[in-house]
There are 2 protein chains.
Amino acid sequence: MAILVVGSVAFDSIETPHGKVQKCLGGAATHFALAASFFTDVRVIGVVGEDFLPEHEAVFTKRGIDTTGIERATGLSFHWTGEYSGSLNEARTLGTDLNVFATFSPKIPAAYEASEYLFLANIDPVLQARVRAAMPDVKLVCGDTMNYWIADHRAALEVVLRELDVLLINDGEARMLSGESNIVLAAEKVMALGPKALVIKHGEYGATVFFSDKLFPGSAKPRPFRAPALPLAEVVDPTGAGDSFSGGFYGYIASQPNLTPAVVRRALFYGGVMGSFAVERFGTERLQHTTREEIEERLQLFIDLSHLEHVAYADPEV
Amino acid sequence: MAILVVGSVAFDSIETPHGKVQKCLGGAATHFALAASFFTDVRVIGVVGEDFLPEHEAVFTKRGIDTTGIERATGLSFHWTGEYSGSLNEARTLGTDLNVFATFSPKIPAAYEASEYLFLANIDPVLQARVRAAMPDVKLVCGDTMNYWIADHRAALEVVLRELDVLLINDGEARMLSGESNIVLAAEKVMALGPKALVIKHGEYGATVFFSDKLFPGSAKPRPFRAPALPLAEVVDPTGAGDSFSGGFYGYIASQPNLTPAVVRRALFYGGVMGSFAVERFGTERLQHTTREEIEERLQLFIDLSHLEHVAYADPEV
């Protein structure tokens, strides 16, 4: 079933120990949509400027992603400049030119209204809340946020959190949002703000999903579950890894007939898989050129990495 | 089969957000021996002072650990004072009184000479090398070290590394020893120094084992394998978690008839299990009072935490 994602479609200028790129296609909605497109239909809401050319749109359309909701505005697209050094765990932002994104006001095309799955990528929580309110009938809502909104836009963010089924954030954001250094207690406090489940991403160490008793009402609360990340000898560019993770996670969920704990567990593995591809090349390069077969092969690598006995990858209908 | 461990038997004075203890039994060899004792016979070589009382020795003997090699010297035992704060990931050392440990010269009792498995806990690499050289016929040698020896006793440490089958260290130590920030490249460089396999411990994120092509000569080099750590809402005292991990890991290996990749994978899980018990109480408190049944139950928790489908814990002969 279809996922509607609202978020940034942008250009990134990135320097890492492996090289440098100028204004390559990026943005949270872009990375998310590409990753999710291997699993299900994806529709994007965002805004771009006059520098968004047919070749950029083709990156979406070649993957079957619906770009009806990508609004064209006068001016330049959102442009982020950053660099990574050392263990590539954290970006240093050198410039954030919001450009047409500064006045972004998401509009939902009529053709998007029946989307069953909504993903609120990391944007101003005021806009996240507006899109959420305009889609009251969606089956599931997942979202992301970041330190900036947690620190300085807490009240607006709390409105969004109250309406979320699953929040995906990293360790630092979970600690900041909860004020708790212990990650289990942090997860409980974050879920008390609304999310029925919380995915905490640990970067190179994988991710853990925590459940409240609200995601599967009437059933026993599932225990936490942890998926590994693939030990990679070469990380070319970590930009978009988190959004690609979310795309794999949510794309797999949306491709399944029912949400069950087993589906969420497997989704966490697909998140890791898509994140592991994303970092192998600059920008969206790698995700543009992967295949579902390659994704399944890598899922098997993740299983072999973490399971005591060899379990052959089975059909996703678990 | 029996493990011989050489290392510190000490007293620790520890303060954490959960409380404070004065001179509780500790030391790397102690934590290691207790954890390993649930899997196999353990023999300890160390030195203690006059403050090591029958009640302390009973902690070992109640678990069937052979204390013949614990030498009694005039003076006080090694005493470490430290504190943890925040996320409890790193200890701050407030005092290191080596006492009788300053002149420790390991002696191997005749009854220990036929030990098949040797563990060189974190002590001066000169002493590690001496014990290793005195035990030329052991079946397998594992060892640990720390930043202090890596930084200031590199040459002596390299002598030890050349003779090791498996080295167990944490992320920071692996990066320091290799000069590589990427953990996969770091593992390769560390194994080029001698260890045939390397276990890198990631604290609350678990551990990864990397293999060279020398541990199972004639077979394809096994892929890396990762075991999770249990997300714990309460970490009372992290002291000894790493040594307990090593004890679970090596104890399980020594309990198995043959070393195989499947045994190493399962050993990594038992390492995590024993580490997770260790941190639940101060000092050795928790490991003194666990049982093999409880260990198996917790292994099942680790499996459920990390395996896509429920796999019932099977008999260890895998």
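So, how was this worked out
- Residues numbered from 1 in each chain as written.
- Chains lettered and ligands numbered in written order.
- Predicted model: local features only at pLDDT ≥ 70, side-chain atom pairs only at ≥ 80, totals over all residues.
- Heavy atoms only, no water.
- Helix = DSSP H or I, 4+ residues; strand = E, 2+ residues; numbered from the N terminus.
- Buried < 20%, exposed > 50% of the residue type's maximum accessible area, 1.4 Å probe, protein only.
- Pairing = 2+ DSSP bridges.
- Polar contact = N/O pair within 3.5 Å; in protein donor to acceptor, adjacent residues only side chain to side chain.
- Contact = heavy atoms within 4.5 Å.
- Least-squares fit on C-alpha atoms with pLDDT ≥ 70 in both.
- Buried area = accessible area lost by both parts, 1.4 Å probe.
- Salt bridge = Lys/Arg side-chain N within 4 Å of Asp/Glu carboxyl O.
- pLDDT = per-residue confidence, 0-100.
- Phe/Tyr/Trp six-rings, centres within 6.5 Å; stacked < 30°, edge-to-face > 60°.
- Lys NZ or Arg CZ within 6 Å of the ring centre and 35° of its normal.

**Observations regarding the environment of A:Ala174**
All names here are of chain A.
Consideration 1: Its place among the elements puts alanine 174 in helix α6 (residues 171-178).
Consideration 2: Taking relative accessible area as the criterion, alanine 174 reaches 0% and is therefore assigned buried.
Consideration 3: In this structure, the C-alpha to C-alpha distance between alanine 174 and arginine 223, residues 49 residues apart in sequence, is 18 Å.

**Comments concerning the pairing of strand β6 (residues 78-84) of chain B**
All names here are of chain B.
Consideration 1: The buried fraction of β6 amounts to five of the seven residues, a majority that puts the element mostly inside the structure.
Consideration 2: Where strand β2 (residues 10-16) lies against β6, six bridges are found, and the strand directions are parallel. Along β6, the bridge assignment pairs serine 13 with threonine 81.
Consideration 3: The pairing of β6 with strand β7 (residues 91-97) spans six bridges and is classified as antiparallel. In the sheet register, glycine 82 faces β7, and the bridge partner there is threonine 93.
Consideration 4: Taking the residues that link successive antiparallel strands as the turn, the β6-β7 hairpin has six residues, and the phi of glycine 86 there is positive, at about 55°.

**Notes on the side chain of A:Asp165**
All names here are of chain A.
Consideration 1: Tracing the backbone shows aspartate 165 in the loop between α5 (154-161) and β10 (166-170).
Consideration 2: Given a relative accessible area of 9%, aspartate 165 falls into the buried group.
Consideration 3: Within the structure, aspartate 165 has its side chain in polar contact with the backbone nitrogen of valine 141 (distance 2.8 Å).
Consideration 4: Every residue in contact with aspartate 165, bar those within four places of it in the chain, is listed here: Lys139, Leu140, Val141, Pro195, Lys196, Ala197 and Leu215.

**Side note on the relation of the copies chain B and chain A**
Consideration 1: Note on the identical chains: chain B maps onto chain A by a rotation of 180° and an axial translation of 0.0 Å, with an RMSD of 0.0 Å. One copy is carried onto the other by what is essentially a two-fold rotation axis.
Consideration 2: Comparing contact sets, 100% of the residues at the interface of chain B also lie at the interface in chain A, consistent with an isologous, same-surface contact.

**Looking at the interface of chain B and chain A**
Consideration 1: Between chain B and chain A, the contact holds 36 residues from the first and 36 residues from the second.
Consideration 2: Roughly 3200 Å² is buried in total at the junction of chain B and chain A, and carbon and sulfur atoms are behind 56% of that figure.
Consideration 3: Of all residues in chain B, the largest losses of buried area upon contact with chain A belong to B:Tyr205, B:Arg226 and B:Leu308, amounting jointly to 26% of the total for that side.
Consideration 4: The interface formed by chain B and chain A holds four salt bridges in total.
Consideration 5: A salt bridge links A:Glu309 to B:Arg266; the nearest nitrogen and oxygen atoms lie 2.8 Å apart.
Consideration 6: Where chain B meets chain A, there are 20 residue pairs in polar contact (both at pLDDT 80 or more).
Consideration 7: At the level of elements, α6 (171-178), α7 (183-192), β12 (207-211), β13 (225-227), α9 (261-278) and α11 (292-306) of chain B are the ones that each hand at least two residues to the side of chain B that touches chain A.
Consideration 8: The leading source of residues in the side of chain B that touches chain A is α11(B), at five residues.

**As for the pairing of strand β4 (residues 42-48) of chain B**
Residues and elements named next belong to chain B.
Consideration 1: Buried residues dominate β4, accounting for seven of its seven residues.
Consideration 2: Every second residue of β4 is oriented toward a common face, with Val42, Val44, Gly46 and Val48 on one face and Arg43, Ile45 and Val47 on the other, all of them buried.
Consideration 3: Here four bridges tie strand β1 (residues 3-6) to β4, and the two strands are oriented parallel to one another. Opposite valine 6, over in β4, you have isoleucine 45 as the bridge partner.
Consideration 4: The pairing of β4 with strand β5 (residues 66-72) spans five bridges and is classified as parallel. Opposite valine 47, over in β5, you have glutamate 71 as the bridge partner.

**Considering the confidence of the model for chain A**
Consideration 1: Averaged over chain A, the pLDDT score is 95; the fraction of residues at 70 or greater is 98%.
Consideration 2: Interface confidence in the predicted complex, given as ipTM, is 0.93; pTM for the same model is 0.95.

**Focus: the packing of aromatic side chains**
Consideration 1: Under the criterion given, the structure shown has 27 aromatic pairs over all chains.
Consideration 2: Ring centres 6.3 Å apart and planes at 50° place the aromatic pair B:Phe52 and B:Phe60 in the tilted group.
Consideration 3: You can call B:Phe52 buried: its relative accessible area is 6%.
Consideration 4: Relative to B:Phe216, the ring of B:Phe211 lies with its centre 6.1 Å away and its plane at 45°, an arrangement referred to as tilted. Like B:Phe216, B:Phe211 is buried.
Consideration 5: The structure contains a cluster of three or more aromatic residues connected by ring pairs, namely A:Phe32, A:Tyr117, A:Phe119 and A:Tyr250.
Consideration 6: Across from the ring centre of A:Phe277, 4.0 Å away, lies the NZ or CZ of A:Arg298, which sits over that ring.

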